[in-house]
Amino acid sequence: MHLIFMGPPGAGKGTQAQLLSALWKIPHISTGDILRACVVAKTDLGQKAQSYMDRGELVPDELLMDIVQERMNQSDARAGWILDGFPRTVAQAAFFDKLLCEVGGGVSSSGKDCDLRAVNLDVPDNILVARLLSRGRQDDNEETIRRRLQVYREQTEPLIEFYRNREQLVAVDGDRAMESVTAQLQQALSGDS
Ligand SMILES: Nc1ncnc2c1ncn2[C@@H]1O[C@H](COP(=O)(O)OP(=O)(O)OP(=O)(O)O)[C@@H](O)[C@H]1O
Ligand SMILES: Nc1ncnc2c1ncn2[C@@H]1O[C@H](COP(=O)(O)O)[C@@H](O)[C@H]1O
């Protein structure tokens with residue numbers, strides 16, 4: 001199972017990825033979590049990324065490439081993965097296609113034998129804002145949330161069309177109870193493992 005979780009901030013990507021990762025015994029790889037760990041550890045990357053994250057901007061593409069490549073090369077990623085929050089730009093998607101050709105362990109990014117699926121969780125903006133305000137992460141304040149939603153519409157949403165054109169898109173209504181979203185995902189993805 002090779003999954004990309006898309007959807008705006010607060011759509012439930014992390015929540016669902018964590019559940020399905022435990023169920024299917026494949027790693028949940030969140031670029032946001034990796035970056036936050038780098039910020040806490042005050043690594044060079046963390047120091048460069050922090051101001052972008054605090055403002056709700058995307059961290060520049062070139063800073064993401066190495067961490068994704070390194071994580072995908074770890075042994076637990078051989079059997080499959082759920083990528084949460086990557087790719088987020090057209091440039092990242094192109095880089096990711098190339099990476100899968102090189103280190104994909106048999107996963108190609110397209111073609112008839114490819115099992116890559118891009119899951120989009122759809123949730124209305126007013127619900128997203130309410131969810132994020134009650135989650136209360138450092139970047140979950142009203143101003144940053146608005147900017148993250150805007151950045152999502154401008155830079156990440158175009159990827160929905162990209163994966164739809166490749167017939168890899170799985171669209172799920174994320175504005176339901178958590179268990180119902182999980183059930184929809186299991187049903188939509190059954191037979192893909
Ligand atoms: N189906 C749901 N119904 C109600 N609340 C939900 C649902 N799914 C997730 N949540 C809650 O909404 C908040 C955001 O969820 P989550 O962190 O999974 O979103 P995300 O898409 O990963 O966001 P981000 O991209 O900002 O990291 C969390 O507090 C989570 O508990
Ligand atoms: N793929 C990414 N490209 C650029 N910036 C990213 C990426 N993934 C995460 N970020 C930054 O981290 C925060 C939080 O990410 P979450 O996925 O919401 O945890 C995001 O706003 C970007 O600044």
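Residues numbered from 1 in each chain as written. Chains lettered and ligands numbered in written order. Predicted model: local features only at pLDDT ≥ 70, side-chain atom pairs only at ≥ 80, totals over all residues. Heavy atoms only, no water.

Looking at an unreviewed UniProt entry, one finds the protein chain named Adenylate kinase and attributed to Microcoleus asticus IPMA8. Of the protein chain, the UniProt comment under Pathway (unreviewed entry) reads exactly: "Purine metabolism; AMP biosynthesis via salvage pathway; AMP from ADP: step 1/1." Recorded in UniProt under Subcellular location (unreviewed entry), the annotation for the protein chain is "Cytoplasm". (UniProt positions renumbered as here; feature names shortened; annotations may be inferred.)

Caption draft 1: Summary view of the UniProt feature "binding site: ATP" (unreviewed entry) in the protein chain. Per the UniProt record, the feature "binding site: ATP" (unreviewed entry) sits at G10, A11, G12, K13, G14, T15, R135 and R176. When you line up the elements, G12 lands in the loop between β1 (2-6) and α1 (13-24). Owing to a relative accessible area of 17%, G12 belongs among the buried residues under this scheme. Tracing the sequence through the fold places R135 in helix α6 (residues 125-135). R135 sits in the partly exposed class, given a relative accessible area of 43%. Each residue touching R135, except ones within four places of it in the same chain, is listed here: D140 and R148. (Helix = DSSP H or I, 4+ residues; strand = E, 2+ residues; numbered from the N terminus. Buried < 20%, exposed > 50% of the residue type's maximum accessible area, 1.4 Å probe, protein only. Contact = heavy atoms within 4.5 Å.)

Caption draft 2: View of helix α7 (residues 142-156). Counted at 1.5 Å a residue, the expected span for α7 with its 15 residues is 21 Å, and the 20 Å between its end C-alpha atoms agrees. Here α7 has its buried residues at T144, I145, R148, L149, V151, Y152 and T156. Burial along α7 is one-sided: seen end-on, the buried residues are contained in an arc of 165°. Where α7 is buried, its residues touch α3 (44-55), β4 (116-122), α6 and α8 (158-165). (Expected span 1.5 Å × (residues − 1). Arc of directions from axis to C-beta.)

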